[in-house]
2 protein chains.
Amino acid sequence: MASSLLTRQLAISLRLAAPGSRYVSKTATKSVSEFEYDAPSMKTAVPGPKSQELLRQLGEIQNVGAVHFFCNYEESRGNYLVDVDGNRMLDVYTQISSIPIGYNHPALMKVMTNPNNVSTFVNRPALGILPPENFPDKLIESLLSVSVKLEETQIAPSGMRRVQTMACGSCSNENAFKTMFIWYRNKERGYANPSEQEVDTCMINQSPGCPDLSILSFMGAFHGRTLGCLATTHSKAIHKLDIPSFDWPIAPFPKLQYPLEEFVRENAQEEARCLEEVEDLIVKWRQKGKPVAGIVIEPIQAEGGDNHASPDFFSKLRNIARKHGCAFHVDEVQTGGGTTGKFWGHEHWGLDDPADVVSFSKKLLTGGYYHRDELKPDKPYRIFNTWMGDPSKNLFLSEVLNVIRRENLLEVVTRSGKALLQGLYTLQTQYPHILSRARGQGTFCAIDACNDATRDSIMIKARNKGLFMGSCGEKTIRFRPALVFKEYHVHQLLNILNDVLAEHK
Amino acid sequence: MASSLLTRQLAISLRLAAPGSRYVSKTATKSVSEFEYDAPSMKTAVPGPKSQELLRQLGEIQNVGAVHFFCNYEESRGNYLVDVDGNRMLDVYTQISSIPIGYNHPALMKVMTNPNNVSTFVNRPALGILPPENFPDKLIESLLSVSVKLEETQIAPSGMRRVQTMACGSCSNENAFKTMFIWYRNKERGYANPSEQEVDTCMINQSPGCPDLSILSFMGAFHGRTLGCLATTHSKAIHKLDIPSFDWPIAPFPKLQYPLEEFVRENAQEEARCLEEVEDLIVKWRQKGKPVAGIVIEPIQAEGGDNHASPDFFSKLRNIARKHGCAFHVDEVQTGGGTTGKFWGHEHWGLDDPADVVSFSKKLLTGGYYHRDELKPDKPYRIFNTWMGDPSKNLFLSEVLNVIRRENLLEVVTRSGKALLQGLYTLQTQYPHILSRARGQGTFCAIDACNDATRDSIMIKARNKGLFMGSCGEKTIRFRPALVFKEYHVHQLLNILNDVLAEHK
């Protein structure tokens, strides 16, 4: 441990001697540095020979077109992902934004070695019928716990004391949609029992039992890939081609200019245009006989290209939902868990009453969704499946929340996010022909390349220098580091990116 | 350990002294008896006071209408589920058929305490982009392993060397449906690239990009509760009411008379009627412009009431699918994993070539589906999500398969299943006004009560005597014990059921 600290100090002093414009980190905060590496270390191009051999093997079992390389998770630490060829990369994509506090965090290792936890891993219960004794307590100390930082940030979104766990993000959104449909129809029938005709027709997929209700979503949205979710996903054609869908309304998502504070007027106009379209669509679909039961939206469209909108936009959208009797569902699968500097992305809107449903997964390790009391399903088995989540994931989540509190990670994210965004602004000023539209909230940042080929080339070159990033939209690089991503990691990232851009023709 | 064996021997001798018609077990096989209890032991009615208090607590967070009682999983062993009030029940429902080798099996505990496995639990990867080094090997030694019993039963269904893991049963079926839609459209367009119109229209949920294709399912089927799956589920109205659906064809599932061997002619007629309807529906939906891309069916309809059909029915259905160019999808989520006495339910059909897609979950611990080579998605990211399964579940699955091999559990299931079914026949002969239609394959058994109230009353009384069973259909009791359910467990089950029936008015 001491020697590793020494190595880092040495590395930092050496970096002081490096040429002119480089970022230099003075401090390496203990909590992460105690167990992670100092810096990337590359041995081969990526994917290296071992990854290539494994790709061939896995290719006989599955389509491997999306596989980047194979990983050595045992050797990975904190913000550094190690591959099977011994390459150690600074990972700012973190398994599509799903590793909350870095690889092999000691606190999570401890969960595994605690003998009291063994049974939770070995006996996965059917939570909806036979929950374990500690299930209410575990929910209360994790998903329903009152603060991340003492008395400041709630985990449970404002106004929500009910939560349903699920296995993944898609399942969470599917069941959130179902919850909104059930709520909407119960309202329509005045909370009376369903008619015989409804009971009969639902068995054969027909109206009125299976009503022609719809969910309004936004162009560029991503809410998952199961058939219900996919009908609200509009980010890339490859996700949707050849899959039957529902005729549900799709509103334009504002196409804003960045930095947001420089284009307030233009952006407000664009947002007004989109909101008007939302209302038109709600009316049109009601007239079509397919009323909108719910509106679903991401606080920042992620897969669709890291598209932001203003708190004012969301606030007005919320009001439109209320006005037309539609539920308002905020999909925090990617934005939730602290990455924006607040625990939930929608906390940035500052509304008292922001949502009827908030869904989550990824960094929360378990999927699920919160909902207001009014949306409580009126009968058992309406929202149900065999597992309904996984208590072993709740164990890890409790510990993740402890680490977030103990290490003040929301502050870390805010600080690192500022440094990252500032660095991206500098880069796009230096390389205006290559980069533009730097944007972000917390460390949930992105920047556009001039085209997709350039974006892909930058990403491959950066990877070979030890920086692993993600892409989204048409030509965007997205940054999704873990919550333990410190300012000196930001500096490593910016230095590598700067080197790649300097070499770029 | 020795004292526990002694206790069992004592209990068995005592039981010899019990009144007339009782089943008496002579042997307690070591492999299970080494770690599990001897017999049920009841302290309170169920749910007991502690469960009731926890129900109240959880009720403030979730709808608890489906919760039976709260469990002490630490204290549960093998076939015995212990609740928070200290009641120990013989569990023949096993978390909706999802516990393969009983509670706290020592082999699974070992997986947890092996330090080499810690990283797999702590670092859940995005399998589709960054698989761990051992991922192909783990698939080959589990889902693709060549035998359960040496050189006899394959794990991978006949003709299938490709498998895609998923997180749960619904996700598995949703993605299996997508795989069939993609395959069908690729055939239709002659494997050419999609047109510009297809690419554009799919982004807004419209045809031809999102084509009007359908999946043919059967009345009484259960394939999951997400919106795609739910459109093929027709077991109970409460699952479907108020949820929008697709206009997809629904064929009648044969309503057979039991025991099957006594009604061969009548049942064959009924099956012929249903098959004729299947072909009619395929033609009708093609004419409607909603061609059937795939047929999905369970080897035994479970949730719908444990409805069986003959190998001949499935064989002819397979031929119809082939004739009309539809994929044939066997949903083994509940029947898979050994419970029918073969590893897959469809192995009982004896076809060379039974399916294009086989989906699984529950006892396999990970969800997923096998498919033929022809159904391989042609491009990356068409079948994709963040996690695509969970390698920690594959670790457990490998060990479950080892135990199945080592303890010859498929033979155990076959033997126990025969004893169980024989016992159910005897009971329905003794109580013909209460019970009828005993049926089963392996330990996947069921019996009908005269009505739902009687069924529910029998189940509650049995539970209070230490036997926990499941229900399905309108008035059916379903038996879904773990694979370690031995003949002496069968005898315990039958004795309790006999006591309940004897007391029944």
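Computed from a predicted model, the values in this text were never measured in an experiment. (Residues numbered from 1 in each chain as written. Chains lettered and ligands numbered in written order. Predicted model: local features only at pLDDT ≥ 70, side-chain atom pairs only at ≥ 80, totals over all residues. Heavy atoms only, no water.)

Points about the overall build of chain A
Item 1. Scanning chain A from N- to C-terminus turns up 17 helices and 14 strands.
Item 2. Rg of the C-alpha trace for chain A: 23 Å, near the compact-globule value of 23 Å for 505 residues, within the 12% margin.
Item 3. Expressed as lengths along the three principal axes of its C-alpha atoms, the size of chain A is roughly 80 × 55 × 55 Å.
Item 4. A total of 505 residues make up chain A; the buried ones form 66% of that total.
Item 5. When the accessible area of chain A is evaluated, it comes to approximately 17,500 Å², of which 52% is carbon and sulfur surface.
Item 6. Averaging the positions of the 57 positive and the 56 negative side-chain charges in chain A gives two centres separated by 3 Å. (Helix = DSSP H or I, 4+ residues; strand = E, 2+ residues; numbered from the N terminus. Rg over C-alpha atoms; globule rule 2.2 N^0.38 Å. Buried < 20%, exposed > 50% of the residue type's maximum accessible area, 1.4 Å probe, protein only. Areas by Shrake-Rupley, 256 points an atom, 1.4 Å probe, with all protein chains shown as cover. Lys, Arg positive; Asp, Glu negative; His and termini not counted. Charge placed at Lys NZ, Arg CZ, Asp CG, Glu CD.)

Structural notes on the interface of chain A and chain B
Item 1. The partner chain B presents 119 residues to the 120 residues of chain A that form the contact.
Item 2. With both sides pooled, the region where chain A packs onto chain B buries about 10,700 Å², and carbon together with sulfur makes up 63% of that total.
Item 3. Taken as a group, Ile61, Leu130 and Asp242 of chain A account for 7% of the area that chain A buries against chain B, more than any other trio of residues on that side.
Item 4. Here chain A is connected to chain B by eight salt bridges.
Item 5. The salt bridge involving Asp390 of chain B is made with Lys393 of chain A; its shortest N-O contact spans 2.7 Å.
Item 6. Along the contact surface separating chain A from chain B lie 64 residue pairs in polar contact (both at pLDDT 80 or more).
Item 7. Partitioned by chemical class, the residues of the side of chain A that touches chain B number 66 nonpolar, 30 polar and 24 charged. (Contact = heavy atoms within 4.5 Å. Buried area = accessible area lost by both parts, 1.4 Å probe. Salt bridge = Lys/Arg side-chain N within 4 Å of Asp/Glu carboxyl O. Polar contact = N/O pair within 3.5 Å; in protein donor to acceptor, adjacent residues only side chain to side chain. Nonpolar A, V, L, I, M, F, W, Y, C, P; charged D, E, K, R; others polar.)

Let's talk about helix 3 (residues 49-59) of chain A
Item 1. Taken together, the buried positions of helix 3 of chain A are Ser51, Leu54, Leu55 and Leu58 of chain A. Looking down the long axis of helix 3 of chain A, one finds its buried residues gathered within 110° of arc, a one-sided arrangement.
Item 2. Buried residues belonging to helix 3 of chain A abut helix 7 (135-141) of chain B. (Arc of directions from axis to C-beta.)

Points about the relation of the copies chain A and chain B
Item 1. Mapping chain A onto chain B calls for a screw motion: a turn of 180° about the axis and a shift of 0.0 Å along it, with 0.0 Å RMSD after fitting. The transformation just described matches what one would write down for a two-fold rotation axis. (Least-squares fit on C-alpha atoms with pLDDT ≥ 70 in both.)

Notes on the pairing of strand 14 (residues 476-479) of chain B
Residues and elements named next belong to chain B.
Item 1. Burial along strand 14 is two-sided: the residues Thr476 and Arg478 and Ile477 and Phe479 are all buried.
Item 2. The pairing of strand 11 (residues 444-449) with strand 14 spans four bridges and is classified as antiparallel. Each bridged residue has a counterpart across the sheet, and for Ile447 the counterpart in strand 14 is Ile477.
Item 3. In terms of strand pairing, strand 13 (residues 470-472) meets strand 14 through three bridges, oriented antiparallel. Bridge assignment links Ser471 to a residue of strand 14, and that residue is Ile477. (Pairing = 2+ DSSP bridges.)

Some points on helix 12 (residues 264-287) of chain A
Residues and elements named next belong to chain A.
Item 1. When the terminal C-alpha atoms of helix 12 are compared, their 35 Å separation across 24 residues agrees well with the 34 Å that a helix rising 1.5 Å per residue should span.
Item 2. Those residues of helix 12 that sit buried are Asn267, Glu270, Glu271, Cys274, Leu275, Val278, Leu281, Ile282 and Trp285.
Item 3. Turning to helix 12, the residues buried within the fold contact strand 4 (214-218), strand 5 (250-251), strand 6 (292-297) and helix 13 (311-323). (Expected span 1.5 Å × (residues − 1).)

Quick look at the sheet that holds strand 11 (residues 444-449) of chain A
Residues and elements named next belong to chain A.
Item 1. Read across the open sheet, the four strands follow the order 10-11-14-13; overall the sheet is antiparallel. Pairing within the sheet leaves two strands with one partner each, and these edge strands are strand 10 (435-441) and strand 13 (470-472). Geometrically, the sheet is characterised by an average inter-axis angle of 25° between neighbouring strands, direction not taken into account.
Item 2. For strand 10 and strand 11, the ladder comprises five bridges, and the chain directions are antiparallel. Across the sheet, the residue bridging to Gln441 is Phe444, located in strand 11.
Item 3. Relative to the sheet, helix 15 (residues 409-430) contacts strand 10, strand 11 and strand 14 (476-479), its axis offset from that of strand 10 by approximately 170°. (Axes fitted to C-alpha atoms, helices over the stretch in contact; angles between N-to-C directions.)

Remarks on the layout of surface pockets
Item 1. In this structure, the second largest pocket occupies an estimated 990 Å³ of space.
Item 2. Along the walls of the second largest pocket sit 45 residues, with Tyr93, Glu303 and Arg478 of chain A together with Tyr381 and Phe384 of chain B positioned nearest its centre.
Item 3. Elements with a minimum of two residues in the lining of the second largest pocket: helix 8 (169-188), helix 11 (237-240), helix 16 (452-464), strand 12 (467-468) and strand 13 of chain A.
Item 4. Per element, the largest residue contribution to the lining of the second largest pocket is six residues, and it comes from helix 16 of chain A. (1 Å grid on protein atoms, 1.4 Å probe; cavity = no way out; pocket = protein on both sides within 12 Å on 5 of 7 lines; lining within 4 Å. Points joined across faces, edges and corners; volume = space filled by probe spheres on them.)

What about the pattern of salt bridges?
Residue and element names in this part refer to chain A.
Item 1. This structure, assessed with the given rule, holds 56 salt bridges over all chains.
Item 2. The closest approach of N and O atoms between Asp247 and Lys290, which form a salt bridge, is 3.0 Å. Taken together, the residues span a long stretch of sequence, with Asp247 in the loop between helix 11 and strand 5 and Lys290 in the loop between helix 12 and strand 6 at a distance of 43 residues.
Item 3. For Lys290, a relative accessible area of 22% corresponds to the partly exposed category.

Some remarks on the confidence of the model for chain A
Residue and element names in this part refer to chain A.
Item 1. Taken over all residues, the pLDDT of chain A has a mean of 93, while the share at 70 or more is 92%.
Item 2. Throughout residues 1-20 the model reports pLDDT below 50, and contacts reaching past four residues in sequence, or to other chains, amount to 14 contacts.
Item 3. Taken over the whole predicted complex, pTM reads 0.94, whereas the ipTM for its chain interfaces reads 0.94. (pLDDT = per-residue confidence, 0-100.)

Thoughts on the side chain of Lys362 of chain B
Item 1. Secondary-structure assignment places Lys362 of chain B in the loop between strand 8 (357-360) and strand 9 (367-371).
Item 2. No salt bridge is formed by the buried Lys362 of chain B, whose closest oppositely charged neighbour, Glu303 of chain B, lies at an N-O distance of 7.3 Å.
Item 3. Polar side-chain contacts of Lys362 of chain B include one of 2.7 Å to the backbone oxygen of Ile96 of chain B.
Item 4. With residues near it in sequence (within four places) discarded, Lys362 of chain B still touches Thr386 and Trp387 of chain A together with Ile96, Ser97, Ser98, Val333 and Gln334 of chain B.

Comments concerning the side chain of His105 of chain A
Item 1. Following the sequence through the fold, His105 of chain A ends up in the loop between helix 4 (94-97) and helix 5 (106-113).
Item 2. By relative accessible area, His105 of chain A is classed as buried at 3%.
Item 3. A polar side-chain atom of His105 of chain A sits 3.0 Å from the main-chain amide nitrogen of Ala107 of chain A.
Item 4. If we ignore the near neighbours within four places in the chain, the residues touching His105 of chain A are Phe35, Val403 and Glu407 of chain A together with Val122 of chain B.

With respect to the packing of helix 15 (residues 409-430) of chain B against helix 17 (residues 487-503) of chain B
In a packed pair of helices, the relevant descriptors are the angle between the two axes and the axis-to-axis distance.
Residues and elements named next belong to chain B.
Item 1. Interaxial distance between helix 15 and helix 17 falls to 9 Å at its minimum, and their mutual angle equals 15°. With respect to their mutual orientation, helix 15 and helix 17 come out roughly parallel. Helix-helix and strand crossings are classified by hand; for helix 15 and helix 17 the assignment is right-handed. On the side of helix 15, the interface is formed by Arg415, Ser416, Ala419, Leu420, Gly423, Leu424, Leu427 and Gln430, while helix 17 contributes Glu487, Val490, Leu493, Leu494, Leu497, Asn498 and Leu501.
Item 2. Here the contact of helix 15 with helix 17 is composed, by residue class, of nine nonpolar, four polar and two charged. (Parallel < 35°, antiparallel > 145°, perpendicular 65-115°, else oblique. Left-handed = near helix turned anticlockwise from the far one by under 90°.)

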